[in-house]
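# Chain and residue survey
For reference, the chains in residue letters:
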Amino acid sequence: MNTSNDTLWNGAGRRIYMQEVGTRDGLQVEAAFVATEEKISLVNALSQAGMAKIEVTAFVSPKAIPALRDAEVVLREIDRQPGIVYSALVPNVHGAERAIDARADELNLVMSASESHNLSNLRMTREQSFAALSEVNALARQAKVAVNVSLSCSFGCPMEGDVPVPTVLDWCARFIEDMGARGVTLCDTTGMAYPGQVATLTAAFRERWPRTEVTLHFHNTRGMGLANVLAGIGVGADRFDASLGGIGGCPYAPGATGNVCSEEIVHALALMGFDTGVDLERLIEASRRLPALIGHDIPSQIVKAGRRLDLHPVPADFAAIRERALVRSA
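If you look the protein up in an unreviewed UniProt entry, it shows as Hydroxymethylglutaryl-CoA lyase from Variovorax humicola. UniProt, in its Sequence similarities (unreviewed entry) section for the protein, records the words "Belongs to the HMG-CoA lyase family."

Once that is clear, we can look at the side chain of His-219. Here His-219 is to be found in the loop between strand S7 (213–217) and helix H10 (225–234). In terms of polar contacts, His-219 uses its side chain to reach the side chain of His-217, at 3.2 Å.

Our next topic: the environment of Val-21. Structurally, the position occupied by Val-21 is in the loop between strand S1 (17–20) and helix H2 (22–26). For Val-21, a relative accessible area of 2% corresponds to the buried category. Placed 280 residues apart in sequence, Val-21 and Gln-301 show a C-alpha to C-alpha distance of 18 Å. Non-local contacts of Val-21, meaning those with residues more than four positions away in its chain, are made with Gly-26, Glu-55, His-217, Asp-241, Ala-242, Ser-243 and Asn-259.

Let us look at the pairing of strand S8 (residues 239–242). With burial as the criterion, each face of S8 is covered, one bearing Arg-239 and Asp-241 and the other bearing Phe-240 and Ala-242. Relative to S8, S1 runs parallel, the two being bridged by four bridges. Each residue of the ladder has a partner; that of Gln-19, found in S8, is Asp-241. Here S7 runs beside S8; their pairing, made up of two bridges, is parallel. Looking at the pairing, His-217 lines up with Asp-241 of S8. Considered for its hand, the β-α-β crossover made up of S7, H10 and S8 is right-handed.

Under the counting rule described, the total for this entry stands at one cavity of 30 Å³ or more. In this structure, the largest cavity spans a volume of roughly 30 Å³. Those elements giving two or more residues to the lining of the largest cavity turn out to be helix H3 (36–49) and strand S2 (53–58). Considering only residue class, the lining of the largest cavity consists of five nonpolar, two polar and one charged.

Two numbers describe a pair of aromatic rings. These are the distance of the centres and the angle of the planes. Applying the stated rule across the entire model yields five aromatic pairs. On the numbers, 5.0 Å between centres and 55° between planes, the contact of Phe-205 with Trp-209 is tilted. In this pair, the class of Phe-205 matches that of Trp-209, namely buried. A connected cluster of aromatic rings, assembled from ring pairs, spans Phe-130, Trp-171 and Phe-175.

Trans is the common state for peptide bonds, and a negative phi is the common state for residues other than glycine. Within the chain, Ala-12 stands out as a residue other than glycine whose phi angle is a positive 50°. Locating Ala-12 in the fold gives a position in the loop between helix H1 (5–9) and S1. Phi at Arg-123 is positive, roughly 65°, even though this residue is not glycine.

What follows concerns the sheet that holds S7. Reading around the barrel, the eight strands line up as S1-S2-S3-S4-S5-S6-S7-S8 and close back on themselves, with parallel pairing between neighbours. The mean inter-strand angle of the sheet, taken between neighbouring strand axes irrespective of direction, is 25°. Pairing of strand S3 (residues 85–89) with strand S4 (residues 106–112), which is carried by three bridges, proceeds in the parallel orientation. The residue of S4 that forms the bridge with Ser-87 is Glu-106. Against the sheet, helix H8 (residues 165–179) touches S4, strand S5 (146–152) and strand S6 (183–187), its axis set at about 170° to S5.

Time to look at the layout of surface pockets. A volume near 920 Å³ is recorded for the largest pocket. The wall of the largest pocket is formed by 47 residues, among which Arg-24, Gln-28, Leu-89, Val-110 and Asn-121 lie closest to the centre. Classifying every residue of the lining of the largest pocket gives 20 nonpolar, 19 polar and eight charged.

Okay, the pattern of salt bridges next. Enumeration according to the criterion identifies 15 salt bridges in this entry. In this structure, Arg-80 engages Asp-105 in a salt bridge whose closest nitrogen and oxygen atoms are separated by 3.7 Å. A residue pair is termed long-range when its members are at least 10 positions apart, and Arg-80 in the loop between helix H4 (71–77) and S3 and Asp-105 in the loop between helix H5 (93–101) and S4 qualify at 25 residues. Residue classification places Arg-80 among the partly exposed positions, given a relative accessible area of 24%. If you follow the salt bridges from partner to partner, you end up with Arg-24, Asp-25 and Glu-55 in one network.

For an α-helix the count is 3.6 residues per turn, leaving residues at separations of three or four pointing the same way. Counted at 1.5 Å a residue, the expected span for helix H7 (residues 126–143) with its 18 residues is 26 Å, and the 25 Å between its end C-alpha atoms agrees. For H7, every residue scored as buried is listed here: Ser-129, Phe-130, Ala-132, Leu-133, Val-136, Asn-137, Leu-139 and Ala-140. Summarising the contacts, the buried residues of H7 are in contact with H5, S4, helix H6 (115–122), S5 and H8. The positive-phi residue at the C-terminal boundary of H7 is Lys-144, with phi of around 60°.

Cut-offs and rules
Residues numbered from 1 in each chain as written. Predicted model: local features only at pLDDT ≥ 70, side-chain atom pairs only at ≥ 80, totals over all residues. Heavy atoms only, no water. UniProt positions renumbered as here; feature names shortened; annotations may be inferred. Helix = DSSP H or I, 4+ residues; strand = E, 2+ residues; numbered from the N terminus. Polar contact = N/O pair within 3.5 Å; in protein donor to acceptor, adjacent residues only side chain to side chain. Buried < 20%, exposed > 50% of the residue type's maximum accessible area, 1.4 Å probe, protein only. Contact = heavy atoms within 4.5 Å. Pairing = 2+ DSSP bridges. Right-handed = clockwise from strand over helix to strand, strands pointing away. 1 Å grid on protein atoms, 1.4 Å probe; cavity = no way out; pocket = protein on both sides within 12 Å on 5 of 7 lines; lining within 4 Å. Points joined across faces, edges and corners; volume = space filled by probe spheres on them. Nonpolar A, V, L, I, M, F, W, Y, C, P; charged D, E, K, R; others polar. Phe/Tyr/Trp six-rings, centres within 6.5 Å; stacked < 30°, edge-to-face > 60°. Axes fitted to C-alpha atoms, helices over the stretch in contact; angles between N-to-C directions. Salt bridge = Lys/Arg side-chain N within 4 Å of Asp/Glu carboxyl O. Expected span 1.5 Å × (residues − 1).

Below, the structure is given as structure tokens:
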């Protein structure tokens, strides 16, 4: 789908699906453990705000990621809203079994397009990862649970540099055509993506698999997050991962900031006329809770500065200022 500049700057109600990853991708890197009841409350707030999908948690080893050691309880006890997909990241069959038992709507599987990143992050070659994910996929099919595959480093590897488009598409083909995945997420894991590259890869994916859900997952490491979202929209993408407050990051990207910020993207798209289905005020309220939960400030500029038309009162002596100005002009 090619979109003219006029259409891009005037969304005219076009639907964009916002998918929240902060409760997984964000909280997993935080030193502070967010209490289970607070996680549940946060997910409920995101549901009430109208996010299309929420990656609630990850079913990983508590030793590896202690911040998410309460995955089962959180996923079981959230208040589920009709039409929202509640997803969980799973690294292996054991994690998938736990997630299915906790009633995940979708299993999100992860591997990297880059061999170096896959070995560094997952301690496996890409072929080994694909074999492991195929086992998880078989279990998910048996349980009739949907599968999405997130392909890390689709837009570049911090150790190898650019990852060729054919390499990315070849892995996508294996996920879609061999495994039967419902969707694929193209991940800008370390914030290396730029708009022209995003447009090229996304257009190639959409042309080859027009009926497959494709999600774009950007980090704002180099300040191009929103520009990359708009580049994706310009070639027909309509699903985007984002993180409440802009929290998150990657251990293999020194100096990296978090994911693109949910409320910043929703705010920008609303001004452009796109329909995200998200209640921005509720989303901002949820984001304002984060500093107290994680113990530090968050990147969100919307929380700091407010929305574009969140106006401020005039100075207390405004009447006197105006009167003096009128006297001077008399």
